[in-house]
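Below are the chains, spelled out letter by letter.
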Amino acid sequence: MAAGVKLLRFAGGFVCGAAVSTASCVAALRLHRAEPEEPRAPSPDTVSEVQQLIGRFGLPETGAEVRCYANHTLSYDQSKRTPRWVAEHLTNQKLQGQADRKHCRFRADPDIPACFSAGNDDYLGSGWSRGHMAPAGDNKQSERSMAETFYLSNIVPQNYENNAGFWNRLEMYCRELTQRFQDVWVVSGPLALPAEKDDGTRTVSYQVIGKDSVAVPTHLFKAVLVQSSNTTDQSAAPVQALGAFIVPNRPIGFERKLRDFQVSLSELEGVSGLTLFPKLPRGGGGGGDGPGGVADLCELDGCQLMGYKEFTLYLTGRKVGGARSLAKLEQLMAELRRQGIEPDDYLNKLYLKKKEQLTNQEPPQGTAGAG
DNA sequence: CGGTCGACCTGT
DNA sequence: ACAGGTCGACCG
């Protein structure tokens, strides 16, 4: 909304960065907040003594530390058995490759303690699909990195239709951004948002599935940051744009636009409890909404997902590529036309190529042939 | 691209 | 006989 003039104020503003640990954040607060005469302030020695006593048997551990994989990074939620957030960096270069998800299998993350880990059996027959946060399709370049996205530490229970449809198209849009921007950063994760009851009270409620009680998110979020250096003037500051989205974990049809689900970065941060891209310069504007100097992704790039026709053509192309018989091949093309969609040049060429390939490997049958 | 499921093979 | 892993058919 606030697309007007943005003021940059550097004076004295400091961001309560999440780049620091909780402990040092508390320490920072103590430093900055002028605490009025604390009575009986304990001497440092006493503090240390007290702390040692409190921590005698160790302090609670959350298991939320940052975990690094070949091409994604995440923080895990041991209570929900899902990630809290998953971050990745995309470039056009990194999206090239032949890695194939057919060689991958969902499995428990070997680095997550078994007692806090989800298992495949939690998901199977639960009514929910296993939805990637860092998508497999972002890891064509490496079998290893693709295999790691199938660890259940990167997975949340997701509505089937949402996963294969709207969310899938959102992931495709993120990949498409690498054609127009040099660097793309994406942070994705699950949310359990409160719902308002009839009496006006708000309550957080979410289903859990399987023996491990994996939490089913009510919504999913994605924060997308893009950057390109100025092609005409290399010395100019790079152009940056950011979009934040909150998507309900249920079927979403083609009539809905991505922009319908866009929220401000600060709103997403508020509901998620995360500080996203904490090192990104923030605007000091009164609203405190949106980073200063960073454009709105949807105003800059449109945030247009594939439409029905385009998406169906794309899916048919993928299926044609994987067809194993001439009969199946023809059935795919017939189904496309039945839906009133004419194949484009790309699909026609793919079809002819596949037809030739299958004809050669599948000798003509039915006519006076050897069995 | 995103998924599930059942048939089938393997090892104990 | 049964658990577990692979593979191919299927759906949006």
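- As recorded by an unreviewed UniProt entry, chain A carries the name Nuclease EXOG, mitochondrial and is attributed to Myripristis murdjan.
- According to its UniProt record, chain A has this under Sequence similarities (unreviewed entry): "Belongs to the DNA/RNA non-specific endonuclease family."
- For the record of chain A, the UniProt heading Subunit (unreviewed entry) holds the text "Homodimer."

1. Considerations on the packing of helix α9 (residues 308-322) against helix α11 (residues 345-361)
Here is step 1: Their axes nearest at 10 Å, the elements α9 and α11 cross at an angle of 15°. As judged from the angle between their axes, α9 and α11 are roughly parallel. In the crossing of α9 with α11, the sense of the turn from one axis to the other is left-handed. Residue-level contacts link L313, T316, G317, V320 and G321 of α9 to L347, L350, Y351 and K354 of α11.

2. Here we look at the protein's contact with DNA strand C
Here is step 1: All residues in the neighbourhood of DNA strand C are listed as R105, A164, N168, L315, K319 and R324.
Here is step 2: Counting only atoms of DNA strand C within 4 Å of the protein, the fraction found in sugar and phosphate groups is 38%.
Here is step 3: At 3.1 Å from a base nitrogen of DNA strand C is found a main-chain nitrogen or oxygen belonging to A164.
Here is step 4: At 3.5 Å from a base nitrogen of DNA strand C is found a side-chain nitrogen or oxygen belonging to N168.

3. Brief notes about a nonpolar patch on the surface
Here is step 1: Together, V50, I54 and L59 give the surface a local cluster of nonpolar side chains, amounting to about 290 Å² of exposed area.
Here is step 2: Mapping V50 onto the fold places it in helix α2 (residues 44-54).
Here is step 3: On the accessibility criterion, V50 (40% relative accessible area) is partly exposed.

4. Some thoughts on the domain arrangement of chain A
Here is step 1: You can read the domains of chain A as domain 1 (2-54), domain 2 (66-301) and domain 3 (308-361).
Here is step 2: The straight-line distance from the C-alpha centre of domain 2 to that of domain 3 is 31 Å.
Here is step 3: When domain 2 packs against domain 3, the two sides together hide about 390 Å² of surface, and 82% of this comes from carbon and sulfur.
Here is step 4: Contact with domain 3 buries surface across domain 2, with R169, M172 and F254 losing the most and accounting together for 77% of the total.
Here is step 5: Seen at the junction of domain 2 and domain 3, the total is zero salt bridges.
Here is step 6: Viewed at the interface, domain 3 and domain 2 are joined by zero residue pairs in polar contact (both at pLDDT 80 or more).
Here is step 7: The biggest single contributor to the side of domain 2 that touches domain 3 is helix α6 (residues 166-177), with three residues.

5. Here we look at the packing of aromatic side chains
Here is step 1: Enumeration over the complete set of coordinates arrives at five aromatic pairs.
Here is step 2: Measuring from ring centre to ring centre gives 5.2 Å for F166 and F261, while their planes differ by 70°; the resulting arrangement is edge-to-face. Taken together, the positions of F166 in helix α6 and F261 in the loop between β12 (239-248) and β13 (262-263) put the pair 95 residues apart, joining distant regions of the chain.
Here is step 3: What makes F261 buried here is its relative accessible area of 7%.
Here is step 4: Between the aromatic rings of F254 and Y308, the centroid separation amounts to 5.5 Å while the plane-to-plane angle is 85°, which identifies the pairing as edge-to-face. Taken together, the residues span a long stretch of sequence, with F254 in the loop between β12 and β13 and Y308 in helix α9 at a distance of 54 residues.
Here is step 5: The exposure class assigned to Y308 is partly exposed, which follows from its relative accessible area of 41%.
Here is step 6: Cation over ring: R169 sits above F311, and NZ or CZ is 5.9 Å from the ring centre.

Basis of the calculations
- Residues numbered from 1 in each chain as written.
- Chains lettered and ligands numbered in written order.
- Predicted model: local features only at pLDDT ≥ 70, side-chain atom pairs only at ≥ 80, totals over all residues.
- Heavy atoms only, no water.
- UniProt positions renumbered as here; feature names shortened; annotations may be inferred.
- Axes fitted to C-alpha atoms, helices over the stretch in contact; angles between N-to-C directions.
- Helix = DSSP H or I, 4+ residues; strand = E, 2+ residues; numbered from the N terminus.
- Parallel < 35°, antiparallel > 145°, perpendicular 65-115°, else oblique.
- Left-handed = near helix turned anticlockwise from the far one by under 90°.
- Contact = heavy atoms within 4.5 Å.
- Near = heavy atom within 4 Å.
- Polar contact = N/O pair within 3.5 Å; in protein donor to acceptor, adjacent residues only side chain to side chain.
- Patch = residues over 30% accessible without salt bridge, like charges linked within 9 Å, V, L, I, M, F, W, Y side chains within 5 Å.
- Areas by Shrake-Rupley, 256 points an atom, 1.4 Å probe, with all protein chains shown as cover.
- Salt bridge = Lys/Arg side-chain N within 4 Å of Asp/Glu carboxyl O.
- Buried < 20%, exposed > 50% of the residue type's maximum accessible area, 1.4 Å probe, protein only.
- Domains from an automatic or database assignment.
- Buried area = accessible area lost by both parts, 1.4 Å probe.
- Phe/Tyr/Trp six-rings, centres within 6.5 Å; stacked < 30°, edge-to-face > 60°.
- Lys NZ or Arg CZ within 6 Å of the ring centre and 35° of its normal.

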